[in-house]
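Breakdown of the fold
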Amino acid sequence: MVNLKINGIPVQAEEGTTIIEAARQAHIDIPSLCYLKDINCIGSCRVCVVEVKGARGLVASCIYPVSEGLEVWTNTPQVRQSRRTTLELLLSEHHKKCLSCVRSSRCELQKLCKDYGVDEDRFPSTEDLQPVDTTSPYIIRDNNKCIHCMRCVAACEHQNISVIGPRQRGHNKTIGCAFDKPLDQCACVGCGQCVVSCPVGALYEKNNVADVWAAIGDPEKKVVFFTAPAIRATLGEEFDMPIGTNVEKKLPGAIRRLGADAAFDMDVTADLTILEEAAELVDRIKTGKPLPMFTSCCPGWVKFAEHYHPELLPNLSSCKSPQQMFGALLKTYYCEKNGIKPEDLYVVSVIPCTAKKFEVIREEMAGTVDVALTTRELGQMIQGAGINFENLPDEEFDAPFEVASGAGAIFGATGGVMEAALRTAANMLDGDFSATDFEEVRGMDGIREATYTVAGIEIKVAVTSGLANAAKLCEMVKNGEAPYQFIEIMACPGGCINGGGQPVQKDATRNTVDIKGLRAKALYDLDASMELRKSHESPVIKMLYDEYFGEPNSEKAHHILHTTYTPRSRY
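What comes next is a walk through the structure. (Residues numbered from 1 in each chain as written. Predicted model: local features only at pLDDT ≥ 70, side-chain atom pairs only at ≥ 80, totals over all residues. Heavy atoms only, no water.)

What follows concerns the overall build of the protein chain. Each helix and strand in the protein chain was counted, giving 19 helices and 17 strands. Compactness check: the protein chain gives a C-alpha radius of gyration of 25 Å against a globular reference of 25 Å for 571 residues, within 12% of the reference. In terms of overall dimensions, the protein chain has a C-alpha envelope of 75 × 55 × 50 Å along the principal axes. Classification of the 571 residues of the protein chain by burial places 60% in the buried group. Looking at the protein chain alone, contacts between residues at least 24 apart form 72% of all its contacts between residues at least 6 apart. (Helix = DSSP H or I, 4+ residues; strand = E, 2+ residues; numbered from the N terminus. Rg over C-alpha atoms; globule rule 2.2 N^0.38 Å. Buried < 20%, exposed > 50% of the residue type's maximum accessible area, 1.4 Å probe, protein only. Contact = heavy atoms within 4.5 Å.)

Let us look at the packing of helix α7 (residues 251-258) against helix α12 (residues 375-384). Contact geometry of α7 with α12 gives a least axis separation of 10 Å together with a crossing angle of 60°. Between α7 and α12, the crossing angle belongs to the class labelled oblique. α12 is crossed by α7, and the crossing has left-handed handedness. Facing Leu251, Ala254 and Leu258 of α7, the residues of α12 in contact are Leu378, Met381 and Ile382. Across the contact of α7 with α12, the residue classes break down as six nonpolar, no polar and no charged. (Axes fitted to C-alpha atoms, helices over the stretch in contact; angles between N-to-C directions. Parallel < 35°, antiparallel > 145°, perpendicular 65-115°, else oblique. Left-handed = near helix turned anticlockwise from the far one by under 90°. Nonpolar A, V, L, I, M, F, W, Y, C, P; charged D, E, K, R; others polar.)

Another aspect to go through is the packing of aromatic side chains. By the definition in use, this model includes 16 aromatic pairs. An angle of 45° between the planes, with centres 6.2 Å apart, marks the rings of Tyr334 and Phe401 as tilted. Here Tyr334 is found in helix α10 (residues 322-338), whereas its partner Phe401 is found in the loop between α12 and α13 (406-409), with 67 residues between them in sequence. The exposure classification of Tyr334 matches that of Phe401, with both residues buried. Among the aromatic residues, ring-to-ring pairing joins Phe226, Phe264, Phe326, Tyr333, Tyr334, Phe401, Tyr545, Tyr548 and Phe549 into one connected group. The ring of Tyr548 has Lys556 lying over it, and the distance from NZ or CZ to the ring centre is 3.6 Å. (Phe/Tyr/Trp six-rings, centres within 6.5 Å; stacked < 30°, edge-to-face > 60°. Lys NZ or Arg CZ within 6 Å of the ring centre and 35° of its normal.)

Moving on: the sheet that holds strand β5 (residues 71-73). Ordered in space as β2-β1-β5-β3-β4, the five strands form an open sheet in which the pairing is mixed. The open sheet is flanked by β2 (9-13) and β4 (59-60), the only strands paired with a single partner. Relative to β5, strand β1 (residues 2-6) is paired through two bridges, and the arrangement is parallel. Within β5, the residue paired with Lys5 across the bridge is Glu71. Running over the sheet, helix α2 (residues 77-92) touches β3 (49-52) and β5 and is turned about 160° from β3. (Pairing = 2+ DSSP bridges.)

A pair of packed helices is captured by two measures, namely the crossing angle of their axes and the spacing between those axes. Running from N to C, helix α6 (residues 209-216) and α12 point in directions that differ by 50°, and their axes come no closer than 10 Å. As summarised for this structure, α6 and α12 are arranged oblique, according to the angle between their axes. Every pair of crossing elements has a handedness; the one defined by α6 and α12 is right-handed. Between α6 and α12, the residues in contact are Val209, Val212, Trp213 and Ile216 and Glu377, Gln380 and Met381, respectively. A class-by-class count of the residues in the contact of α6 with α12 yields five nonpolar, one polar and one charged.

Let's shift gears to helix α9 (residues 299-308). Burial of α9 is extensive: ten of the ten residues sit out of reach of the surface. Looking only at α9, the buried set comprises Pro299, Gly300, Trp301, Val302, Lys303, Phe304, Ala305, Glu306, His307 and Tyr308.

Topologically, Asp507 is positioned in helix α16 (residues 507-512). Beyond its immediate sequence surroundings of up to four residues, Asp507 is in contact with Ser32, Tyr35, Leu36, Glu108 and Arg151.

Because side chains alternate across β1, one face comprises the buried residues Val2, Leu4 and Ile6, and the other comprises Asn3 and Lys5, none of which is buried. Here β1 runs beside β2; their pairing, made up of five bridges, is antiparallel. Residue pairing for β2: Val2 is matched across the bridge by Ala13.

Omega for the peptide link from Leu291 to Pro292 comes to 0°, which places this bond in the cis form. Structurally, Pro292 is set in the loop between α8 (267-287) and β12 (293-294). Cis rather than trans, the peptide bond between Ala399 and Pro400 has omega equal to 10°. Looking at the element boundaries, Pro400 is found in the loop between α12 and α13. Here the phi dihedral of His27 falls at roughly 60°; this positive angle occurs in a residue that is not glycine. The backbone phi angle of Asp240 is positive, close to 60°, even though this residue is not glycine.

Moving on, we come to the environment of Val47. Along the chain, Val47 falls in the loop between α1 (19-22) and β3. For Val47 and Ser61, which are 14 residues apart along the polypeptide, the C-alpha to C-alpha distance reads 9.2 Å. Dropping the residues within four chain positions of it, Val47 is found in contact with Pro31, Ser32, Leu33, Arg83, Thr86, Leu87 and Leu112.

Right, let's talk about α12 for a bit. Helical geometry: 3.6 residues make up each α-helical turn, so side chains three or four residues apart lie on a common side. Burial runs high along α12: seven of the ten residues are buried. Among the residues making up α12, those that are buried are Thr375, Arg376, Glu377, Leu378, Gly379, Met381 and Ile382. Immediately downstream of α12, the backbone of Gly386 shows phi near 70°, a positive value.

Our next topic: the environment of Ala366. Inspection of the secondary structure assignment puts Ala366 in the loop between α11 (355-360) and β14 (371-374). Overall, the relative accessible area of 47% leaves Ala366 in the partly exposed class.

An order of β11-β10-β13-β14 is seen for the four strands of this open sheet, with the pairing classed as parallel. Only two strands of the sheet have a single partner each, and these edge strands are β11 (262-265) and β14. When the angles between neighbouring strand axes are averaged without regard to direction, this sheet yields 25°. When strand β13 (residues 345-351) meets β14, the two strands line up parallel, connected through four bridges. Note on β14: the bridge partner recorded for Ser349 is Ala372. Lying on the sheet, α10 is in contact with β10 (222-227), β11, β13 and β14; it crosses β13 at an angle near 155°. On the sheet, α12 packs against β10, β13 and β14 and is oriented at approximately 85° with respect to β14.

Here we come to the environment of Val195. On the secondary structure map, Val195 appears in helix α5 (residues 193-197). With 43 residues separating them along the chain, Val195 and Cys152 place their C-alpha atoms 7.1 Å apart. Those residues in contact with Val195 that lie beyond four places of it in its chain are Arg103, Ile139, Leu203, Tyr204, Arg376 and Gly500.

Here you go:
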């Protein structure tokens, strides 16, 4: 540990800590537009500059290490003037359409300009508008708003994808794909980690809010929503509620007040996925089919496998994701039961993910879900409708899809799919197996592995999230170094609770608060509080098999609830 002073306040910090991190111990947040802890530490934006005794000129606090006796000042006239000038220069190249920008009021550049009293017209505008890349079905890139912070590039590299990067140099620098290719012509997997890393409105999801409003206003359409497990742990942040607030009971009422005909819980098809997936795993173990079996509920991971490891596609579970299972269930069972033509039922999923917007239009599954809205888009609709979300009374989801298990709820956190599947697969192999908690597969970091013995069969499993970890696991499988029967992979670090469609938190929060942990805790707490914790015990699931599917992996279930995959080029 070393002793230093920041604005005259004594601080102790571990040697090698940067000034920006040490300053938080003195309750000082040094602003930055490029720094993201453990992801992007390059000192390029120059907004985080501070004065250091003995240093020649101002230094970037995000890369300057502390040392014994260091004296730092973070708000001197020279520092404040430097930051103000930097912001004014950024604005001279920034397309200032703030009122219509998706990040208005949540933009880090906008906030800093307000804090520092910036004159947006001090320097003449040099902007030469570039075409906006709208080719992707899930992400839009508007380089006219890009401030070259490199966060998106670092996030993409952190995911081991690296399909975007800087092109040209100096004033002509832009961010994009190699050889100026549009986003839809590169091996982007749609995880959206670039979107939640961007401090401004240069990256955002392809917005489908207008489509949903149009459907709600169409008297010929019956509009139904269903919400993914992770949404209950994150939507509250769009209304400035504490991170990790469970808003499950407010979701149905908010959706009904938008004008929807019904609000369902996607946890139901998370349970359904478990029945199909567990049955498939047991069948593979007993019959010698390709192992290990990978989970297939994360579309970012599936697209990663299609682009980068197509030889492993036979190892992916053939189960559709809970989103696509619900869409298929609604367009078949629900329509038949209620005398509705499938084309008259408009199905809206609310998801934490940008990749699921691509999943909606996949050839193998198109036509079951009409629109996928991110958490942010649902928040936009609720705010636009003038609904006082925080004060809504508790309401229940609509029948017949109103009851789900705790196993379905934990789908939203990394390890949750594995734990839910183990609860049911173990019961299929050994009807007396009573264990519910498989805490070995919980957590956020690295590759977690565990071994369980059920009915005399040894089952080895592995769990990871983040595509850099996924790439390591894939190589282990290909090299024969992975002695597992079952592997869960989530594309986004931490799983769906950290998806690319989730509420964007400012960098000071991302760098200091365990956002993933708080969101995941909301789901695990919900699961622990429930009596119904195993998917196969859900009365809704029992009803669906009794009335419609017969049994897991039956011919009818396979036709409606399973899919195939498509090898894709990396170039």
